[in-house]
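Structure assessment
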Amino acid sequence: DTGVSQDPRHKITKRGQNVTFRCDPISEHNRLYWYRQTLGQGPEFLTYFQNEAQLEKSRLLSDRFSAERPKGSFSTLEIQRTEQGDSAMYLCASSKDLGQGGGYTFGSGTRLTVV
Amino acid sequence: AQTVTQSQPEMSVQEAETVTLSCTYDTSESDYYLFWYKQPPSRQMILVIRQEAYKQQNATENRFSVNFQKAAKSFSLKISDSQLGDAAMYFCASDNAGNMLTFGGGTRLMVKP
């Protein structure tokens, strides 16, 4: 169990460019989540996958954002035409059924800076 | 929709003393889970403790324990024998169906040597 991995750790991009982040969850976790966290705030939910199916999507997720989880393994989060307001830490988490114990395991995040 | 409120933006405690962080939540569900997460500066979110709403017994994990008051929708975290390594942001969070964790705004805990 190597935990939840996110790549890259940091990304600086110019406004208007597209960026893509990757998340590799814990292998036996069937649920995967994306969150966004701005400085000094709690994380905000973006989207949730159970296996390869995207089951929940926040209204925060504009049509510039898209997430995929092909084959129910790793996931990608793409932001098109980035804006300065997209600057934040993007966190990925995974979990198994909470009835089995434990909680959400978070990755170290990808810090996005849009200049 | 769930909401989670942490009314203490910042708390401080003397090393080896005890501190309690407050959290209230609102949910229409009868079955849900509550969590406390710790986020050290520039480091990842770590699960501290979890509580199932159907369990009346308060959860404990070593120096960490909770006071879960279901009727009052209150879920406070007590840290005993505080250590310098406990300094971090602490987030209270709730989940009602395993498809979304809703976080409070966080409490920054400072530990004084």
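Since the model is a prediction, treat every value here as computed from it, not as a measurement.

Going through the model one piece at a time under the given rule, you end up with 15 aromatic pairs over all chains. Their ring planes at 85° and their centres at 5.4 Å tell us that A:F106 and B:Y37 sit as a pair that is edge-to-face. Pair noted here: A:F106 is in strand β10 (residues 105-106) and B:Y37 is in strand β5 (residues 33-39), and the two residues belong to different chains. Summarising the burial analysis for this pair, A:F106 and B:Y37 share the class buried.

With that settled, the discussion passes to the sheet that holds strand β3 (residues 19-24) of chain A. All names here are of chain A. Here we have four strands laid out as an open sheet, ordered β1-β3-β8-β7, and antiparallel in their pairing. Strands with a single pairing partner mark the edges of an open sheet, and in this sheet they are β1 (5-7) and β7 (65-68). Geometrically, the sheet is characterised by an average inter-axis angle of 15° between neighbouring strands, direction not taken into account. Strand direction decides the pairing type here: β3 and strand β8 (residues 75-79), joined by five bridges, are antiparallel.

This part takes up the interface of chain B and chain A. Contact residues are listed per partner, giving 18 residues for chain B and 21 residues for chain A. Together, the buried faces of chain B and chain A total about 1,600 Å²; carbon and sulfur atoms form 53% of this surface. Looking only at chain B, the three residues that lose the most surface to chain A are B:Q44, B:R50 and B:N99, adding up to 29% of its buried area. Inspection of the chain B/chain A interface yields zero salt bridges. Remark: the boundary between chain B and chain A carries seven residue pairs in polar contact (both at pLDDT 80 or more). For the side of chain B that touches chain A, the per-class residue count stands at ten nonpolar, six polar and two charged.

The next point concerns the state of the cysteines. Following the criterion strictly, the structure yields two disulfides over all chains and no others. The partner cysteine of A:C23 in its disulfide is A:C92, sulfur to sulfur 1.9 Å. The S-S bond linking A:C23 to A:C92 shows a torsion near -70°; that makes this disulfide left-handed. In this pair, A:C23 sits in strand β3 while A:C92 sits in strand β9 (residues 88-95), placing the two residues 69 residues apart along the sequence. A:C23 gets classed as buried once you look at its relative accessible area, which sits at 0%. Relative accessible area serves as the criterion here: at 0%, A:C92 is assigned to the buried category. Put simply, B:C23 and B:C92 are joined by a disulfide, and their sulfur atoms are 2.0 Å apart. As the torsion about the S-S bond is roughly -70°, the B:C23-B:C92 disulfide counts as left-handed. One end of the pair, B:C23, is in the loop between β3 (19-21) and β4 (24-26); the other, B:C92, is in strand β10 (residues 88-95), with 69 residues separating them in the sequence. By relative accessible area, which is 2% here, B:C23 ends up buried.

Judged by nonpolar contacts, the single largest core of 24 residues is most densely connected at B:W36, B:F75, B:L77 and B:Y90. For this core, the secondary structure elements donating two or more residues are β3, β5, β6 (46-52), β8 (64-69), β9 (74-79), β10 and β12 (107-112) of chain B.

The rules we used
Residues numbered from 1 in each chain as written. Chains lettered and ligands numbered in written order. Predicted model: local features only at pLDDT ≥ 70, side-chain atom pairs only at ≥ 80, totals over all residues. Heavy atoms only, no water. Phe/Tyr/Trp six-rings, centres within 6.5 Å; stacked < 30°, edge-to-face > 60°. Helix = DSSP H or I, 4+ residues; strand = E, 2+ residues; numbered from the N terminus. Buried < 20%, exposed > 50% of the residue type's maximum accessible area, 1.4 Å probe, protein only. Pairing = 2+ DSSP bridges. Axes fitted to C-alpha atoms, helices over the stretch in contact; angles between N-to-C directions. Contact = heavy atoms within 4.5 Å. Buried area = accessible area lost by both parts, 1.4 Å probe. Salt bridge = Lys/Arg side-chain N within 4 Å of Asp/Glu carboxyl O. Polar contact = N/O pair within 3.5 Å; in protein donor to acceptor, adjacent residues only side chain to side chain. Nonpolar A, V, L, I, M, F, W, Y, C, P; charged D, E, K, R; others polar. Disulfide = S-S within 2.5 Å. Core = buried A, V, L, I, M, F, W, Y, C linked by side-chain atoms within 4.5 Å.

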